[in-house]
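Working through the structure, step by step
One-letter residues, chain by chain:
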Amino acid sequence: MVPNRPYSSVISNVTVYQRAGTGAQWLSGQDVVVLDGAITAIGATAGADHRELPCVDGNGGHLIPGFVNTHTHLQQAVLRGIGEGLPLLEWLRCVGERTVAATAEQTYLSALAGGLELLRSGVTTVVEHMWPNRSEAVHDAMIRALDELGIRVILGRGVADRADVTRKWGIDPRLMQPLPEVFAHIDDLDARLTGSRIGTALAIPNPRCLTPDGMAAAREYAQRTGKTVSIHVLETSTDEDMCRLHAGRSAVEYLDVGGFLWDRTLAVHCVDLDADGRAVFADRGVAVSYNPLSNMRLGSGAAPVLEMLGAGIDVGLGVDGAASNDTQDMLLALRMGSYLQRVTRRRADILDFDAMMRLATCGANRALGRSSTAPGLAVGDPADFSLIRFDRDFACLPVRDPGATLLTAASPRVVDTVWVDGEPVIRDGVSTRVDTGSLTRRLCAMRP
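Predicted model, so just to flag it, every value in this text is computed and none were measured. (Residues numbered from 1 in each chain as written. Predicted model: local features only at pLDDT ≥ 70, side-chain atom pairs only at ≥ 80, totals over all residues. Heavy atoms only, no water.)

1. Thoughts on empty space enclosed by the protein
Where empty space is left becomes clear once a probe the size of a water molecule has been rolled over the atoms. Inspection of the entire model under this criterion finds two cavities of 30 Å³ or more. By volume, the largest cavity is sized at about 280 Å³. What lines the largest cavity is a set of 25 residues, among which Leu92, Pro205, Asn206, His232 and Glu235 lie closest to the centre. Elements supplying a minimum of two residues to the lining of the largest cavity: α1 (88–101) and α6 (238–247). (1 Å grid on protein atoms, 1.4 Å probe; cavity = no way out; pocket = protein on both sides within 12 Å on 5 of 7 lines; lining within 4 Å. Points joined across faces, edges and corners; volume = space filled by probe spheres on them. Helix = DSSP H or I, 4+ residues; strand = E, 2+ residues; numbered from the N terminus.)

2. Quick notes on the UniProt feature "domain: Amidohydrolase-related" (unreviewed entry) in the protein chain
Per the UniProt record, the feature "domain: Amidohydrolase-related" (unreviewed entry) sits at residues 63–425. Between the C-alpha atoms that bound residues 63–425 the distance is 15 Å, and the span itself is 40% helix and 17% strand. (UniProt positions renumbered as here; feature names shortened; annotations may be inferred.)

3. Some details on the layout of surface pockets
The calculated volume of the largest pocket comes to roughly 530 Å³. Looking at the largest pocket, it is lined by 34 residues, and the ones nearest its centre are Thr125, Arg152, Arg370, Pro382 and Asp384. Counting only elements with at least two residues in the lining of the largest pocket, the list comes to β7 (123–129), β8 (152–158) and β9 (198–204). Residue composition of the lining of the largest pocket, grouped by class: twelve nonpolar, 14 polar and eight charged. Considering only enclosed or pocket space, the second largest pocket measures out at about 370 Å³ in volume. Among the elements that take part in the lining of the second largest pocket, α1 stands out by supplying four residues, more than any other. Of the residues assigned to the lining of the second largest pocket, the class counts are ten nonpolar, eight polar and four charged. (Nonpolar A, V, L, I, M, F, W, Y, C, P; charged D, E, K, R; others polar.)

4. Quick look at a nonpolar patch on the surface
Taken together, the side chains of Phe394, Leu397 and Val399 make up a nonpolar region of the molecular surface, amounting to roughly 310 Å² of accessible area. On the secondary structure map, valine 399 appears in the loop between β14 (385–388) and α13 (402–408). Assessed through its relative accessible area of 31%, valine 399 is described here as partly exposed. (Patch = residues over 30% accessible without salt bridge, like charges linked within 9 Å, V, L, I, M, F, W, Y side chains within 5 Å. Areas by Shrake-Rupley, 256 points an atom, 1.4 Å probe, with all protein chains shown as cover. Salt bridge = Lys/Arg side-chain N within 4 Å of Asp/Glu carboxyl O. Buried < 20%, exposed > 50% of the residue type's maximum accessible area, 1.4 Å probe, protein only.)

5. Things to note about the packing of helix α2 (residues 104–120) against helix α14 (residues 436–444)
Contact geometry of α2 with α14 gives a least axis separation of 11 Å together with a crossing angle of 130°. It follows from the interaxial angle that α2 and α14 lie oblique. Remark: the crossing between α2 and α14 carries left-handed chirality. Every residue of α14 that contacts α2 at Glu105, Tyr108, Leu109, Leu112, Ala113 and Leu116 is listed here: Thr436, Leu439, Arg442 and Leu443. Residues that form the contact of α2 with α14 fall into these classes: seven nonpolar, one polar and two charged. (Axes fitted to C-alpha atoms, helices over the stretch in contact; angles between N-to-C directions. Parallel < 35°, antiparallel > 145°, perpendicular 65-115°, else oblique. Left-handed = near helix turned anticlockwise from the far one by under 90°. Contact = heavy atoms within 4.5 Å.)

6. What about unusual backbone geometry?
Omega for the bond connecting asparagine 325 with aspartate 326 falls within 30 degrees of zero, at 10°, which places this linkage in the cis form. Take aspartate 326: it is sitting in the loop between β13 (315–317) and α11 (330–345). Note the cis peptide between leucine 397 and proline 398, where omega equals -10°. Along the chain, proline 398 turns up in the loop between β14 and α13. Positive phi values are uncommon outside glycine, yet aspartate 36 reaches one of about 50°. Turning to its location among the elements, aspartate 36 is positioned in the loop between β2 (23–35) and β3 (38–43). Given the relative accessible area of 59%, aspartate 36 is considered exposed. Unusually for a residue other than glycine, leucine 351 sits at a positive phi of about 50°. With respect to the helices, strands and loops of the structure, leucine 351 is situated in the loop between α11 and α12 (353–361).

7. A word on the side chain of threonine 107
In this structure, threonine 107 sits in helix α2. Overall, threonine 107 belongs to the buried group, its relative accessible area being 2%. If we skip the residues at most four places from it in the chain, threonine 107 touches Gln75, Ala102, Val138, Ala141 and Met142.

In structure tokens:
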């Protein structure tokens, strides 16, 4: 494991997107003081009392909280473009065959490439949803890559106990293993990852992949260990159709009767979540990960985000895997997440920059066990943030409104520096930890 010590420094002369009550506002000419990986002061002269610390001149740039990508599959970064034009179940079979055949080396390079792309778009925390896999070597390769990147990770270890080669009512049996072995493996990972930036979670492919007994076992384990459970729900109508056919209940009812909906459940996609389902989610404290680009690419539809928010459901933003997006660009997800909702409602006055920043930085934090549930940077927060320099890209100039520019025009080109725990893991747009030249050569040498 790469040593991940907390860092101390002063970032001076920046415009900070700073927390103000339950919202945030831009404040110019600020210093941000970081001691042992946490923000201890923000103010116009805050750095004056810490001249002994390393100082980074922000040169008038904009400092924003790190994005929290609530859903992706980093093993898919080497599968870009696969199954283009296929509906979800056929696409899943294409990806599934590659997942079964994935080697540790492919997993390592894919996670390194996808994770680096996340960092370069301002992501400091990622919820990685691994598919079930029997190979400890594959898991170790994923962890090795994420540790080398320095990104903060909630690593979902795949869990399933119903086999079905068609994937309609279960998962590929080649990817399964007994649940006690899965839970023992997670316990082992927790012991090994102590003190790192990587924690573990449970990753459930969908409601169809767990039997009632499997749900009970996974729920007991997750609640006993305080873990988040990430599960794809109602990405298309398949969950609903199969649950009604085989269990005589809706997908939400199937999960609820199984006791699988609580405040650490992160339901991914939820494109077909109706009013009854939204009421259940709100009552149980379930959060949702909204993945607009993947939903668009696969033709799944547009999740009812405004209705979910109106029902009191926490909603976070995700990019999904690079085989269904096909990038790991969180800034693009920020933009398209807004635009998709606008076009489906024929309204431009919804999901503006502030609303999308809430989704992208703290929208699902309660389900992830994170303390901050309000947008913006504040004293006491972990020093996970990004320095945006609009002058790195003339397509963003002149800047009339930094929020509007970030939402409508920004790309990873404007992300200058990214800090995690106060450590600059991206500087001048380049990783401080990964040899990108070597990574590029190794990716080019991979067989398609």
